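Examining the three-dimensional arrangement
Below, each chain spelled out in residue letters.
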Protein chains: 2
Amino acid sequence: MTLQDARTPENGQGAEAQAATEQIGWHKGYISGSRPDLQVPVRRVHLTNGEHVTLYDTSGPYTDPNIETDVRRGLAPLRENWIIARGDTEEYAGRPMRPEDDGLKHTSPRGGLKNLDAVFPGRPRQPRRGRDGAVTQLAYAQRGEITAEMEYVAVRENCSPEFVRDEIAAGRAVLPANVNHPEIEPMIIGKNFLVKVNANIGNSAVTSSIEEEVEKMTWATRWGADTVMDLSTGRNIHTTREWVLRNSPVPIGTVPLYQALEKVDGKAEELTWEIYKDTVIEQAEQGVDYMTVHAGVLLRYVPLTARRKTGIVSRGGSIMAAWCLAHHKESFLYENFEELCDILASYDVTFSLGDGLRPGSIADANDEAQFAELKTLGELNTIAKAHGVQTMIEGPGHVPMHKIKENIDLQQEICEEAPFYTLGPLTTDIAPAYDHITSGIGAAMIAWWGTAMLCYVTPKEHLGLPDRDDVKTGVITYKIAAHAADLAKGHPGAQEWDDALSDARFEFRWEDQFNLALDPDTARAFHDETLPAEPAKTAHFCSMCGPKFCSMKISQDIRREHGGDLSVDPEAGMAEKSKEFAAAGNRVYLPIAD
Amino acid sequence: MTLQDARTPENGQGAEAQAATEQIGWHKGYISGSRPDLQVPVRRVHLTNGEHVTLYDTSGPYTDPNIETDVRRGLAPLRENWIIARGDTEEYAGRPMRPEDDGLKHTSPRGGLKNLDAVFPGRPRQPRRGRDGAVTQLAYAQRGEITAEMEYVAVRENCSPEFVRDEIAAGRAVLPANVNHPEIEPMIIGKNFLVKVNANIGNSAVTSSIEEEVEKMTWATRWGADTVMDLSTGRNIHTTREWVLRNSPVPIGTVPLYQALEKVDGKAEELTWEIYKDTVIEQAEQGVDYMTVHAGVLLRYVPLTARRKTGIVSRGGSIMAAWCLAHHKESFLYENFEELCDILASYDVTFSLGDGLRPGSIADANDEAQFAELKTLGELNTIAKAHGVQTMIEGPGHVPMHKIKENIDLQQEICEEAPFYTLGPLTTDIAPAYDHITSGIGAAMIAWWGTAMLCYVTPKEHLGLPDRDDVKTGVITYKIAAHAADLAKGHPGAQEWDDALSDARFEFRWEDQFNLALDPDTARAFHDETLPAEPAKTAHFCSMCGPKFCSMKISQDIRREHGGDLSVDPEAGMAEKSKEFAAAGNRVYLPIAD
């Protein structure tokens, strides 16, 4: 359920009684599916007028005071029984962890990790994989099956499980859910569902720690990130990812190439298919839900970037370009793509086919290199689907507004409506430190036109690694873009959130405005800067106009005078109403005490 | 000149020598027109590679170290000689200032202003007005004359003075320039020029002081505001405005109705045409360049708002609606519109025909009330033009993305392409505290489609009065929207700014990136948070990837290998280049010291 049935009491036993005992504000709630272990979390906002609004919730068990969480133990494996019950997977010994998985020299002792906490201390587990063939949501959907995950998503999106299944079966949507990541709350990415937002985290060689990354992940989902990509480079990649996965209620994406490159000490030409494949299996066993694979960067496309203003700006793209150049061979990702499909199918890892040649500047948008690669991604999408692998397609980048629509239209045509997953796009290059905004503009537009998931950009883009505040700003900006797109697409129920907030605004229910806001804390803080006193939160005015005159109040007078009376001839009615208005004292403003 | 001839030395005597002696960074510069007193300010960015970029500059004399400014004296009257030389205006005694002009009781002594500074201490002046008929830029343009102001604007916009004249004559552009505001640096608002940004300032009954408002004005123009509206209410309106006008290098707009309402103690029904007219003359004599007039709120439209979710949210609109209701009479602004035109024409005050019935929520967008008023604004636009009064049309408000284009298309059709001046629009209601972003999205889109000026929205919208930081955030956000639109419209030269910054980014010229940024201070600060040391500003990597691997570096390798060589068969060339690449050590990353 999104907002379609918002503002009415829940059906079901005890729901009304429960609502009555809850205080004003917002609280974690659950909507039950057809089985007791299918409880879909929602954010329930209780209004001062007795109504309530139910919102999509990505924050996981961390916002449920009735659930004790411990980052050292990890989250409960919500989906484990569903996966086991399907009977098509098996546990196995798995690939042993090696020092180089954490970026340590092959010969070094494991002394690089002095801090015990750096090794994830949770319950021991063996990896799981498909016993025979694809164990993917796509394969189930193609066979007509509705999984528990699909039903969970249907409840979340307020649609039928059959619709979810059909969208997945058609390749128009993906439900990223590695069998080794049972902790996630299933979600879906597709243009006929709510627009989703991804937040990137990840340490680099220069800065950041494991603890910070886990904290960034929970913080990002707290504000609405639907998925998180761990883009760590440098040391402790494997261990950081383990901590993130075991504590994440949302799907986790990675770029395996980054870790593979660490294993060859950053020398792209030393990369091999074997090292890459081993890294993919390592990550699949840990539970990574989707992987960016830059298999569309072909040898013959590399020279197309030579005269670009900013060349290749994708790390993955430039690594593969360097490899192709060094060996004068076709990309090992492209050459081994079908084998890669089989690996991903056996864990239900979703492809995110990377746009390694995306434009890094306004000047380079929509050029030959970019669209040549897109065409190849279309071919790879068809192959992946044939192998039962869920697939989405990554998109740009830096694109001026008038060139954005061509991107989504071409992608949808070439990739058979596979979900598009774009980075912004940034609509100008001139505002470093504000690229959440330059890109939020492009993100809203491309999502309106059909992009299914938006990869956030933070204020630190191009300048440094995002800190906690940057992560929040990036997520909030992109939730705005996503919701603006949901509205423009006419997504069922999307506008009820806006309507509830606007009703609260018109009726001066300040506390309701704050609680309904995308960021209640900041909205309340901004209001309190000017009018901090508690009575101001019930005042029938705000600091913009002050108590002496208020346009909202006049509108309320007009509504009182004319609201129910529009069938009457306006002119005739007006004369009478004018007298009434005068008799009532022509009150166009409120005394402070009112 | 905007950016068209950027990055080449200025023509003219000594320009190269001057550039050579200037240090790296950005500096105030001037471009000469055809006469010595026509010096158009620019922001000149000197790059570390010896090139320079010239940018549009709104910051006035405050950023010129060679000009001494004193807010107690005001700015030099740049246009005074031009106005006098035209010989069509005269000085006169003017309307005496009255206590009620500053919101004091008619009978009160002037003791309300204890602080001497509250009275503007600059040079005494008499107001000026047209001796006979319109003294407007529109009237001159219609007669085929090119004024000094038009030439100034042509230099600023890098087009011919004839083009400026023709756009003004056609009513497609306005050049707001009250004869009593000689301090301004002329600028133009029209869809065939750079998109402009307005910043609102103004105290209210609840908070703020004169000093703060003057400071906000200079601060807003420092970051790029093209005009400033003083929306003060409460006390000291007249005096605040005097301080703002005398110190403003940009056109100042107001809503005279706000002050008129103060004069009748906030009782809308006590407003009269005489009080309003007197207020307009008071403000025109002070030098207000454009005035928002809500003359389109007609009696018969008021009931159309009764069933809206958020009624009338425009203060001006609700004041006029209340007046119409109380008297059951047609709006005195509408009834006396032609007389108002004659007044504005004699000072060259530009109309900003207000959209008093603009939607205040997503639910109310593009409704009958809004478009009924727009039609009336179209009629008034025609009347104003016939009286020689420059006119722009205000627009919404809160509009979801899919309903934005209809707004600009209808406005352009109904109002004969008169400049559209919109508030955002906000594309969703759910993000109080982030409405600079919800509206920046809509602003960029509607500007792309033809809106000439964007009224900024700050993070405090709906919550409180903006402080200094909010003003900056609002202006920067809207400069992004405006520039993104300039790019999408293909405005000549707009992309050169992006290109210069992207070149600097690709070549790791960090200082150049900062100096070219819309907000150099914040860009530099964000970079320094992660890599504070001075050498990092010349480092060939950034904190995202770290020194070990850098995609930009790989791209540079590719360019070096293939940049000049695209005529060669790529496949054949690649084999050879591959060998060269290997011979050069397959270097795909840089040692830190490199």
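Because the structure is a prediction, the values reported are computed rather than measured. (Residues numbered from 1 in each chain as written. Chains lettered and ligands numbered in written order. Predicted model: local features only at pLDDT ≥ 70, side-chain atom pairs only at ≥ 80, totals over all residues. Heavy atoms only, no water.)

Turning to the overall build of chain A, a few remarks are in order. Broken down by element type, chain A carries 21 helices and 15 strands. Pairs at least 24 residues apart make up 74% of the contacts formed inside chain A by residues separated by at least 6 positions. Accessible surface, chain A as shown: approximately 19400 Å² in total, 51% of it carbon and sulfur. (Helix = DSSP H or I, 4+ residues; strand = E, 2+ residues; numbered from the N terminus. Contact = heavy atoms within 4.5 Å. Areas by Shrake-Rupley, 256 points an atom, 1.4 Å probe, with all protein chains shown as cover.)

Hydrogen bonds along the backbone pair up the strands of a sheet, which may run parallel or antiparallel. Residue and element names in this part refer to chain A. Strand order in the closed barrel made by the eight strands is E8-E9-E10-E11-E12-E13-E14-E15, with parallel pairing throughout. Strand after strand, the sheet turns through a mean of 25° between neighbouring axes, direction not considered. Alignment of strand E14 (residues 420-423) against strand E15 (residues 453-455), held across three bridges, turns out to be parallel. Across the sheet, Leu423 pairs through a bridge with Cys455, a residue of E15. Along the sheet face, helix H6 (residues 210-222) touches strand E8 (196-201) and strand E9 (227-230) and points at about 165° away from the line of E8. Of the strands in this sheet, strand E12 (350-353) and strand E13 (391-395) touch helix H13 (residues 368-386), which is tilted by about 170° from E13. (Pairing = 2+ DSSP bridges. Axes fitted to C-alpha atoms, helices over the stretch in contact; angles between N-to-C directions.)

Now for the nonpolar core. The biggest cluster of nonpolar side chains holds 266 residues, and the ones touching the most others in it are A:Tyr276, A:Phe351, B:Tyr276 and B:Phe351. Beyond its immediate stretch of four places on either side in the chain, A:Phe351 contacts A:Met291, A:Val293, A:Phe337, A:Leu340, A:Cys341, A:Leu344, A:Ala384, A:Val389, A:Gln390, A:Thr391 and A:Met392. (Core = buried A, V, L, I, M, F, W, Y, C linked by side-chain atoms within 4.5 Å. Buried < 20%, exposed > 50% of the residue type's maximum accessible area, 1.4 Å probe, protein only.)

This paragraph deals with the pairing of strand E9 (residues 227-230) of chain B. A regular strand carries its side chains on alternate faces of the sheet. Residue and element names in this part refer to chain B. Every second residue of E9 is oriented toward a common face, with Thr227 and Met229 on one face and Val228 and Asp230 on the other, all of them buried. Pairing analysis gives four bridges linking strand E8 (residues 196-201) to E9, with the strands arranged parallel. The residue bridging Ala199 from the neighbouring strand is Val228, located in E9. Two elements, E9 and strand E10 (residues 252-254), share two bridges in a ladder whose sense is parallel. Of the residues in E10, the one forming a bridge with Met229 is Gly253.

Turning next to the packing of aromatic side chains. Residues and elements named next belong to chain B. If you walk through the whole model with that rule in mind, you get 22 aromatic pairs over all chains. Ring geometry for Phe163 and Phe193: centres 5.5 Å apart, planes at 55°, overall tilted. In this pair, Phe163 sits in helix H5 (residues 161-169) while Phe193 sits in the loop between strand E7 (189-190) and E8, placing the two residues 30 residues apart along the sequence. A relative accessible area of 1% places Phe193 in the buried class. (Phe/Tyr/Trp six-rings, centres within 6.5 Å; stacked < 30°, edge-to-face > 60°.)

Residue and element names in this part refer to chain A. The three strands lie next to each other as E1-E2-E3, forming an open sheet whose pairing is antiparallel. Two strands bound the open sheet, and with one partner strand each, they are strand E1 (25-32) and strand E3 (52-56). Taken over all neighbouring pairs, the strand axes of this sheet differ in orientation by 35° on average, direction set aside.

The subject of this paragraph is the pattern of salt bridges. One side chain can pair with another of opposite charge once the charged atoms of both are near each other. Residues and elements named next belong to chain A. One pass over the structure, following the stated rule, counts 78 salt bridges over all chains. Here Arg35 and Asp37 are joined by a salt bridge, their closest N and O atoms 2.8 Å apart. According to the relative accessible area criterion, Arg35 is partly exposed, its value standing at 32%. By relative accessible area, which is 29% here, Asp37 ends up partly exposed. Salt bridges sharing common partners tie together Arg95, Arg98, Asp101, Arg241, Lys263, Asp278 and Glu282. (Salt bridge = Lys/Arg side-chain N within 4 Å of Asp/Glu carboxyl O.)

Okay, the side chain of B:Asn247 next. Residue and element names in this part refer to chain B. As for its placement among the helices and strands, Asn247 is situated in the loop between helix H7 (237-246) and E10. Judged by its relative accessible area of 1%, Asn247 falls in the buried class. When near neighbours in sequence (up to four residues on either side) are disregarded, Asn247 contacts Tyr62, Asp70, Val71, Gly74, Leu75, Phe120, Val214 and Met217.

A separate point is the confidence of the model for chain A. All names here are of chain A. For chain A, the mean per-residue pLDDT works out to 87, and 82% of the residues sit at or above 70. Every residue in residues 1-22 scores below 50 in pLDDT, and together they form 46 contacts with partners more than four places removed in sequence or on other chains. Segment residues 107-117 is flagged for pLDDT under 50; beyond a separation of four residues in sequence, or across chains, it makes 15 contacts in the model. Per the prediction output, this complex has pTM 0.90; the corresponding ipTM is 0.90. (pLDDT = per-residue confidence, 0-100.)

Residue and element names in this part refer to chain B. The residue after Pro396, namely Gly397, is reached through a cis peptide bond having omega 10°. Structurally, the position occupied by Gly397 is in the loop between strand E13 (391-395) and helix H14 (404-414). For the bond running from Gly424 to Pro425, omega is 10°, close enough to zero to count as cis. Position of Pro425 among the secondary structure elements: in the loop between strand E14 (420-423) and helix H15 (435-448). Positive phi is not limited to glycine here, since Glu417 has a value of about 65°. Examined against the element boundaries, Glu417 turns out to sit in the loop between H14 and E14. By relative accessible area, Glu417 is classed as partly exposed at 30%.

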